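# Geometric and topological summary
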Amino acid sequence: MPPGALHHRVTAALANWQLDDAERLLSVVDPSTPYEAPAEAGHPGTDDRDEPTLGRAWADTLRAELLVRRLRVAGFTLVGEPLDAPEATESLDLHAGVAGLLDRGTGQGHGHAGGHGHGQGGGTGDDPRSESAAHAALAIALVRSAKAAFDASDDDLQRAAGLARHARIELLSRRIDAAMDEAVEAASLLDAGLPPSALLVDTLGTLAGVLADLELMPLALDYQRRALETATAGAGLLDGDADPDVLAAHSATCLGELCAELGEALLDDGDTDAALPRFAEARALAERALAQLPPDAHGIVAAQVVHGWALVGLGEHAAATGQLRAAVRITSATGDRALLASALLALGRALRRQEDGRGADQQLAKSLSLATEHGLPRLRRAALRELCTLHAELDDAGRALPYLQAYLADELDRVDERRTRWVELFGRRKSLLENERAAGQLRRQAYEDPLTHLPNRRYAEARLDGLLGAGTTPALAVVDVDRFKAINDAVGHPGGDAVLRAVAELLLAGCRDTDEVCRWAGDEFVVLLPDTTAEQAERALERVRRAVAAHDWAALGLTVPVTISVGIASATRGDDRRTLFAAADGVLYDAKRSGRDRVVRLSAVTQTRAPAAATDDETLPPADRPAGVVDVPPVQTSPMDPVGGFAALLAQPPVRPADPPLSLGGPGEPSLAPEPTLPAPPARPAPAEPDVIWGVGRSTEQVLALVRETRAAHPDRPALVVRASADTLVALASAYDGSTTVDATAMSAAVGPVPDPAGRVGVLCASTADASVAAEAAFVARVTGTEVVRVDDVGGSRLRPLLTDRTLLDDVDCLVVVAGLDASLAGTVGAMTDVPIVAVPTSTGQPGSFGGFGALLTMLNSATPGVVVSNIDNGHAAGVFAARIARRTAR
């Protein structure tokens, strides 16, 4: 359901500031046409619940943009602040126009977007300020109505398209934070698997323009390049009312403009060698667009402007000047304001570089005026910088200084309000996962089993930790498909996969909505049952067991029914994940030894196996036995220790002296049988540290190859991958599903067995901008073999909670303090505790921090003892060092 031709006509009129034309077009729009088919019931354009449909949402979005542009013409923003007005100019009181309109809903304003119907919102007579307040009120109401409709839609592309348009409206309104939030949400919905369409191309291009206005040029280039690839590769699949050649040419022109803009930025920074390829690409893209467009197409002039701009960057000033003068004449006649401002700017650049100062000043001043008047922030900044440079070259400091001051003020505003916030918001998502939608895919692939589409072991462990950490008492059921190897032998691996999927569906059908079924590994599943006793869980899983046994397995080619064995334990105070799982897993093997096809529980009250787990003569065949497990009768009783839980079950159960010990895993883990006659074993050596693989500068295939080599050489310890891309994290989670630990914030993964924690490390993060480095330090410390506790955003005045609750300062063996802007935090914390501290300077902070060197010098010059300093942004080194201290302290 892409917007139709009228949508594009209104969009073009708005972009060219032909507001009366846009209002005339919108005044005759039926909310259900051409955006979608008329509703069959209820009010046209609404469903039976009287909620706005996507058709009305699109119409409301366009009306809102029209009103915001009228506010710009009137000299105000949507938030009521004057635009570049003297200090004496009062702000616009929007409440007079907002209150009444919003109380009565948005229906009254749908008939007309201009000045005739807004008296209802508080505007009266010919008072321009009252009229502007009413415009703002109606715009706010329309945006709210449209956003509600987009949020309720299941069509991700439609939602993304609407959000991208709303982000542009917010930029016009100078609501920078809101624009960033809308753009982040739009990006999260643009899945790489969306089919090609004109709407997808338009949405990608709109988002690219928003990102460019937010000064995130690399991201803008990525999205615009994707728009061009979509328009080119999917030409045969695009909507019928869109000319594929025109669409591809328009995308190429927009990409060429961004390339030229980036080339100018590189020239301004003195990097000519890097700028020339950008201009060459812009020239090639413009020539491609000109070759694709029909002679009378609207986009011809835009492509000519980009072509002329590229020629200026390549030093072909004379050839560019004539072309750009022609573009200025045409755009002056057609009224395309944005294109005219761009053409004037490019022509001014060409004249400046030809040393025609008078002509350059004239063209650049016109470009600046248009850019300021019509809310074109990138063109405004570029024009200010060109004018400043021009008058500096002419030794006219008096005229250069105002332009320089305006540029610096705008530049500082851009850095403080946009770039830093975007590093925090978009950096977490885009740099790690390309966009929020890719983050969802990564979470699904990292926490979802690809065969059954159930949550996987990694999710189960995290969820169980969360339940236990919140103080709840969940029950845990471990489910195993009986004799699954024989099933695979009988029907092959595809048939075995079908059996696992069927068992997963039966488990889901038999559990409550609040229960969570996860695939643990192979033919083993776990069920998490929050706030459930073992007895309640037993009844639920018994129903599932009967359903599995009664299922029609012949349809899958099996001659005998599939059965399951289940072990259940319910947590009590003091249990952790490993303890609870070991208890449930232990009674599962009781069920196996007792003949399979049964449910066995471990009572949470007496810590004893339920009677159903009584042992008979049958034992597991050798092929079914886990490594290190021998046949022993089940534990009959286990007294609870003072802290409760299953810890005593694992450490000191009374077992008959003749019974052999039952090992639960690798070396150094406790057995179920004490050995009092043996001398105390020597202290085990510290676990070998994981081998680190840096993802920076390496492709996904290279990282996977290095992981394979490392795991083959050192199977006893994990391979640690840091600074990995989103694709690499996804590939690792898929390739090593059962043995991969992923931390998206840290851009890191560990493949292989993570050692048991010894000692405790605390990680303090000064601000959210430092979160990725803190996450890396915490992840590395945990994978290296220590417990980690992390506290974020404790810089400046937010340090008070540490003084109130000194647990973190006193109950850890080493502290890692990650700080950029608040670099003094490490010294402050060092004066509060005698715990050794590793200080990590980061490159975040103000522009004057020189990429983290300011923070590094502050930390190095601190007089506080007990503080060592890592190099800039090196969370890995800090995590390893802190873990070494903690492990040695714990011996």
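Right, let's talk about the overall build of the protein chain for a bit. Each helix and strand counted, the protein chain has 31 helices and 14 strands in total. Classification of the 891 residues of the protein chain by burial places 52% in the buried group. In the protein chain, of all internal contacts separated by at least 6 residues, the share reaching a separation of at least 24 is 68%. When the accessible surface of the protein chain is summed, it comes to about 38400 Å², and 54% of that surface belongs to carbon and sulfur atoms.

Glancing now at the packing of aromatic side chains. Summed over the entire model, instances satisfying the criterion amount to 1 aromatic pair. Geometrically, the ring pair formed by W520 and F581 is stacked, given 4.5 Å between the ring centres and 15° between the ring planes. Of this pair, W520 sits in strand β2 (residues 516-521) while F581 sits in helix α22 (residues 577-593), placing them 61 residues apart in sequence. A single burial state applies to W520 and to F581, both of which are buried.

Further remarks concern the environment of R70. Relative to the assigned elements, R70 resides in helix α3 (residues 54-74). Note: C-alpha distance between R70 and W17 (53 residues apart in sequence) is 9.1 Å.

Put simply, α3 and helix α6 (residues 156-172) touch, their axes get as near as 9 Å, and they point 10° apart. Compared by their axis directions, α3 and α6 come out roughly parallel. Residues L54, W58, T61, L62, A64, E65, V68, R69 and R72 of α3 lie in contact with α6, whose contacting residues are Q158, A161, G162, R165, H166, R168, I169, L171 and L172. Of the residues assigned to the contact of α3 with α6, the class counts are 9 nonpolar, 4 polar and 5 charged.

The element strand β1 (residues 475-481) is extensively covered by neighbouring structure, given that 7 of its 7 residues are classed as buried. What you see with β1 is no split at all: A475, A477, V479 and V481 on one side and L476, V478 and D480 on the other are buried throughout. By the bridge criterion, 7 bridges tie β1 to strand β4 (residues 564-570) in an arrangement that is antiparallel. Residue pairing in the sheet places A477 in a bridge with I568 of β4.

Moving on to the sheet that holds strand β10 (residues 760-765). Hydrogen bonding along the main chain pairs the strands of a sheet, whether they run parallel or antiparallel. Pairing is parallel across the open sheet formed by 5 strands, whose spatial order is β11-β10-β12-β13-β14. Strand pairing shows two members of the sheet lacking a second neighbour, β11 (787-791) and β14 (867-869), which therefore form its edges. Strand after strand, the sheet turns through a mean of 20° between neighbouring axes, direction not considered. Pairing geometry for β10 and strand β12 (residues 814-819), over 5 bridges, is parallel. Bridge pairing in β12 links G762 to L815. On top of the sheet, helix α26 (residues 771-784) reaches β10, β11, β12 and β13 (837-841); it is set at about 165° to β11, its chief contact.

This next bit is on the nonpolar core. Among the nonpolar cores identified, the biggest contains 93 residues, and L190, L207, L211, M217, L221 and Y223 are the most heavily contacted of them. L451, A475, V499 and V503 belong to the second largest nonpolar core, which has 33 residues in total.

For the rest of this paragraph, the subject is the pattern of salt bridges. Tallied over the entire structure, the rule returns 34 salt bridges. For R519, the salt bridge goes to D449, with nearest N and O atoms at 3.0 Å. Of the two residues, R519 sits in strand β2 while D449 sits in the loop between α18 (436-447) and α19 (457-469), which places them 70 residues apart along the sequence. Of the two residues examined, R519 and D449, each falls in the buried class. Here the residues in one salt-bridge network are E264, R349, R352, R353, E386 and E393, joined through shared partners.

Here the focus is a nonpolar patch on the surface. Side chains of L401, L404 and L408 sit close together on the surface and give an oily, nonpolar patch of about 240 Å² of accessible area. Relative to the helices and strands, L408 resides in helix α17 (residues 397-433). You can call L408 partly exposed: its relative accessible area is 42%.

Another point: the pairing of strand β7 (residues 719-722). Both faces of the sheet carry side chains from a regular strand, because those side chains alternate between them. Residues of β7 alternate between two faces, with A719 and V721 on one and L720 and V722 on the opposite face, all of them buried. Here 4 bridges tie strand β6 (residues 691-694) to β7, and the two strands are oriented parallel to one another. Paired with W694 across the bridge in β7 is V722. Each parallel crossover has a hand, and for β6 linked through helix α24 (residues 700-713) to β7 it is right-handed. Pairing of β7 with strand β9 (residues 748-751), which is carried by 3 bridges, proceeds in the antiparallel orientation.

The mixed open sheet is built from 4 strands, whose spatial order is β6-β7-β9-β8. If you trace the sheet from one side to the other, it starts and ends with β6 and β8 (740-743), each paired once. Within the sheet, the average angular offset between the axes of one strand and its neighbour, ignoring direction, is 15°.

Time to look at helix α13 (residues 317-334). The terminal C-alpha atoms of α13 lie 25 Å apart, and with 18 residues this matches the ideal 26 Å at 1.5 Å per residue to within 8%. Listed as buried for α13 are H317, A320, T321, L324, A327, V328 and T331. Down the axis of α13, the smallest arc covering the buried residues is 135°, so these residues share one side. More than 90 degrees from the buried face of α13, the exposed residues found are A318, R329 and A333.

Following the sequence through the fold, N871 ends up in the loop between β14 and α31 (875-890). Along the backbone, N871 and V840 are 31 residues apart, and their C-alpha atoms lie at a distance of 6.6 Å. The contact partners of N871, leaving out residues within four places of it in the chain, are V840 and P841. Within the local environment of N871, its side chain forms a polar contact with the side chain of S870, the two groups lying 3.3 Å apart. Side-chain polar atoms of N871 contact the side chain of N874, separated by 2.9 Å.

This next bit is on the confidence of the model for the protein chain. A low pLDDT means the predicted coordinates there should not be read in detail. For the protein chain, the mean per-residue pLDDT works out to 75, and 72% of the residues sit at or above 70. In this model, residues 31-52 is a region of pLDDT below 50 whose contacts with residues beyond four sequence positions or in other chains number 36 contacts. Contacts for the low-pLDDT stretch residues 93-125, under 50 throughout, to residues beyond four places or in other chains number 58 contacts.

So, on to helix α25 (residues 726-735). Buried residues dominate α25, accounting for 7 of its 10 residues. Listed in full, the buried residues belonging to α25 are A726, T728, L729, V730, A731, L732 and A733.

You can see T786 is positioned in the loop between α26 and β11. Under the relative-accessibility criterion, T786 is labelled buried at 0%. Here the side chain of T786 touches A758 through a polar contact of 3.2 Å, landing on its backbone oxygen. A polar contact of 3.0 Å, which involves the side chain of T786, links it to the backbone oxygen of G759. With sequence-adjacent residues up to four places away left out, T786 is seen in contact with P757, A758, G759, R760, V761, A781, A883 and A886.

What counts and how
- Residues numbered from 1 in each chain as written.
- Predicted model: local features only at pLDDT ≥ 70, side-chain atom pairs only at ≥ 80, totals over all residues.
- Heavy atoms only, no water.
- Helix = DSSP H or I, 4+ residues; strand = E, 2+ residues; numbered from the N terminus.
- Buried < 20%, exposed > 50% of the residue type's maximum accessible area, 1.4 Å probe, protein only.
- Contact = heavy atoms within 4.5 Å.
- Areas by Shrake-Rupley, 256 points an atom, 1.4 Å probe, with all protein chains shown as cover.
- Phe/Tyr/Trp six-rings, centres within 6.5 Å; stacked < 30°, edge-to-face > 60°.
- Axes fitted to C-alpha atoms, helices over the stretch in contact; angles between N-to-C directions.
- Parallel < 35°, antiparallel > 145°, perpendicular 65-115°, else oblique.
- Nonpolar A, V, L, I, M, F, W, Y, C, P; charged D, E, K, R; others polar.
- Pairing = 2+ DSSP bridges.
- Core = buried A, V, L, I, M, F, W, Y, C linked by side-chain atoms within 4.5 Å.
- Salt bridge = Lys/Arg side-chain N within 4 Å of Asp/Glu carboxyl O.
- Patch = residues over 30% accessible without salt bridge, like charges linked within 9 Å, V, L, I, M, F, W, Y side chains within 5 Å.
- Right-handed = clockwise from strand over helix to strand, strands pointing away.
- Expected span 1.5 Å × (residues − 1).
- Arc of directions from axis to C-beta.
- Polar contact = N/O pair within 3.5 Å; in protein donor to acceptor, adjacent residues only side chain to side chain.
- pLDDT = per-residue confidence, 0-100.

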